[in-house]
Amino acid sequence: MRRLSLAAGLWLGVAAAAQAGQPVNLKAETADSDGVVTLGDLFDGAGSAAGVRVAAKPGLSVVLDAGAVQQLARRAGLDWANAEGVRRIIVRSGASGGSASVARTGNVEVLTYARSLSTGEIVQPEDLIWAKAAMAPGDAPHDADQVVGLSARRPLRAGSAVSARDVSAPQVIATGDIITLTYEAAGMVLSAKAKAMGRATVGEAFAAQNLSSKRTIQAVATGPGQAAVGPAADQLQAAPATRYALR
């Protein structure tokens with residue numbers, strides 16, 4: 001493949017304009033019940049595109065970038081005008097009758113932390129152990145794979161029961177980071193340096209300012225200091241989430 005240095009302003013010319021598709025409206029209450037957010041969870045009238053994956057939701061809620069969702073919807077044949085100027089979409093866990101998950105009580109087997117973890121630390125397989133407890137949280141994971149590779153959202157104490165709200169996808173891009181943006185298509189790779197205007201986890205969209213052109217564009221984080229733009233970015237958001245053990 002060829003690797004070229006990206007000229008100032010090139011980002012605006014490499015992607016073809018998306019064609020208008022089926023008009024849809026954002027739902028008044030955006031919720032999901034299986035941990036995978038789809039276009040059908042977000043829009044009324046999504047039709048055959050309802051099953052298109054938008055993002056994973058490992059916790060009780062996830063915040064999506066409205067611009068990235070709009071772009072993904074267009075590629076799936078849907079046209080969301082976003083006349084209200086929505087910038088962020090919050091997707092919460094859906095539940096029958098609006099009730100929350102119920103904790104299990106009694107002598108139950110529950111996943112616990114084998115050691116104490118600091119905020120931001122990545123959960124490893126050896127950090128988890130099954131144990132008997134008097135109560136399990138309502139959002140307790142049934143499999144260690146649901147937690148391994150995620151980042152502690154707060155200090156976690158050894159011996160405490162694991163809860164989905166304890167962890168989230170690890171942050172790989174921080175606001176102000178100097179990162180490499182990559183555009184790849186038809187066997188050609190273009191790269192440029194940019195400044196992150198927000199923070200992001202792997203597969204999450206964020207704003208970045210091209211250091212040469214000073215233009216701000218939407219990118220999708222692919223790893224520490226790395227992000228994709230263009231078709232590859234859309235594919236990353238539509239594909240199953242990848243977890244990285246960074247420790």
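Worth saying up front: this structure is predicted, and the values here are computed from it rather than measured.

A.B. asks: Let's hear about the overall build of the chain: which residues, and what values?
C.D. replies: Helix and strand counts for the chain stand at three helices and 21 strands. Here the chain holds 247 residues, and the buried ones make up 38% of them. Sequence separation of 24 or more characterises 56% of the internal contacts of the chain that already satisfy a separation of 6 or more. Accessible surface, the chain: about 13100 Å² in total, of which carbon and sulfur atoms supply 50%.

A.B. asks: Before we move on, could you go through the side chain of Thr201 and cite the residues and values that matter?
C.D. replies: As for its position among the elements, Thr201 is in strand β18 (residues 200–201). Given a relative accessible area of 15%, Thr201 falls into the buried group. Discounting chain neighbours no more than four positions away, the residues touching Thr201 are Ala169, Pro170, Gln171, Val172 and Ala221.

A.B. asks: Lay out the pattern of salt bridges in plain terms, naming residues and giving numbers.
C.D. replies: Tallied over the full model, the rule gives four salt bridges. In this structure, Arg115 engages Asp127 in a salt bridge whose closest nitrogen and oxygen atoms are separated by 2.7 Å. Of this pair, Arg115 sits in the loop between β11 (104–113) and β12 (128–136) while Asp127 sits in the loop between β11 and β12; the two residues are twelve residues apart in sequence, bridging distant segments of the chain. With relative accessibility at 1%, the residue Asp127 sits in the buried group. A salt bridge links Arg154 to Asp166, with the shortest nitrogen-to-oxygen separation between them at 2.5 Å. Taken together, the residues Arg154 in the loop between β13 (151–152) and β14 (167–168) and Asp166 in the loop between β13 and β14 connect sequence positions twelve residues apart. Asp166 gets classed as buried once you look at its relative accessible area, which sits at 2%.

A.B. asks: Before we move on, could you go through the side chain of Ser151 and cite the residues and values that matter?
C.D. replies: Mapped onto the elements, Ser151 comes out in strand β13. Given the relative accessible area of 8%, Ser151 is considered buried. Other than its neighbours up to four places away in sequence, Ser151 contacts Gly120, Glu121, Ile122, Asp166, Val167, Ser168, Ala169 and Pro170.

A.B. asks: Now, about the environment of Ala164: what can you tell me, with residues and values included?
C.D. replies: Locating Ala164 in the fold gives a position in the loop between β13 and β14. Put simply, Ala164 and Pro141 are 23 residues apart on the chain and 6.5 Å apart in space, counted from C-alpha to C-alpha.

A.B. asks: How would you sum up the nonpolar core? Please name residues and give values.
C.D. replies: By size, the foremost hydrophobic cluster in this structure holds 19 residues, and its most contacted members are Leu42, Phe43, Val54, Leu64 and Ile89. Residue assignment for this core shows that the elements contributing at least two residues are α1 (39–42), β7 (53–56), β8 (61–65), α2 (66–75) and β10 (88–93). Per-element accounting of this core gives the leading share, four residues, to α2. With 16 residues, the next largest nonpolar core counts Phe206, Ala208, Ile217 and Ala221 among its residues.

A.B. asks: Can you break down α2 residue by residue, with the values?
C.D. replies: For α2, the complete set of buried residues consists of Ala66, Ala68, Val69, Gln70, Leu72 and Ala73. The N-capping residue of α2, defined by a side-chain oxygen 3.1 Å from the backbone nitrogen of Gly67, is Asp65. Within two residues after α2, Gly77 carries a phi angle of roughly 90 degrees, on the positive side.

A.B. asks: Describe unusual backbone geometry, and please don't skip the residues or the numbers.
C.D. replies: One non-glycine residue, Lys214, adopts positive backbone phi at about 65 degrees. Looking at where Lys214 falls in the secondary structure, it is placed in the loop between β19 (205–210) and β20 (216–223).

A.B. asks: Please give an account of the confidence of the model for the chain that cites residues and values.
C.D. replies: Looking at the chain, pLDDT values average 79 and 79% of them are 70 or higher. Confidence, expressed as mean pLDDT per element, reaches its minimum in the chain at strand β1 (residues 2–5) with 43 and its maximum at strand β17 (residues 188–196) with 93. A low-confidence stretch, residues 95–101 stays under pLDDT 50, and its non-local contacts, those more than four residues away or across chains, total two contacts. Confidence over residues 240–247 falls short of pLDDT 50; this stretch has 25 contacts with residues more than four positions distant or in other chains.

A.B. asks: Tell me about the pairing of β20, and please be specific about residues and values.
C.D. replies: Here β19 pairs with β20 via five bridges, running antiparallel. Residue pairing in the sheet places Phe206 in a bridge with Ala219 of β20. Following β19, the chain reverses through five residues before pairing antiparallel with β20; Lys214 in that reversal takes a positive phi of roughly 65 degrees. Relative to strand β21 (residues 226–229), β20 runs antiparallel, the two sharing three bridges. If you follow Ala221 over to β21, its bridge partner there is Ala227. The turn joining β20 and β21, which pair antiparallel and follow one another in sequence, is formed by two residues; a positive phi near 70 degrees is taken by Gly225.

Cut-offs used in this document
- Residues numbered from 1 in each chain as written.
- Predicted model: local features only at pLDDT ≥ 70, side-chain atom pairs only at ≥ 80, totals over all residues.
- Heavy atoms only, no water.
- Helix = DSSP H or I, 4+ residues; strand = E, 2+ residues; numbered from the N terminus.
- Buried < 20%, exposed > 50% of the residue type's maximum accessible area, 1.4 Å probe, protein only.
- Contact = heavy atoms within 4.5 Å.
- Areas by Shrake-Rupley, 256 points an atom, 1.4 Å probe, with all protein chains shown as cover.
- Salt bridge = Lys/Arg side-chain N within 4 Å of Asp/Glu carboxyl O.
- Core = buried A, V, L, I, M, F, W, Y, C linked by side-chain atoms within 4.5 Å.
- Polar contact = N/O pair within 3.5 Å; in protein donor to acceptor, adjacent residues only side chain to side chain.
- pLDDT = per-residue confidence, 0-100.
- Pairing = 2+ DSSP bridges.

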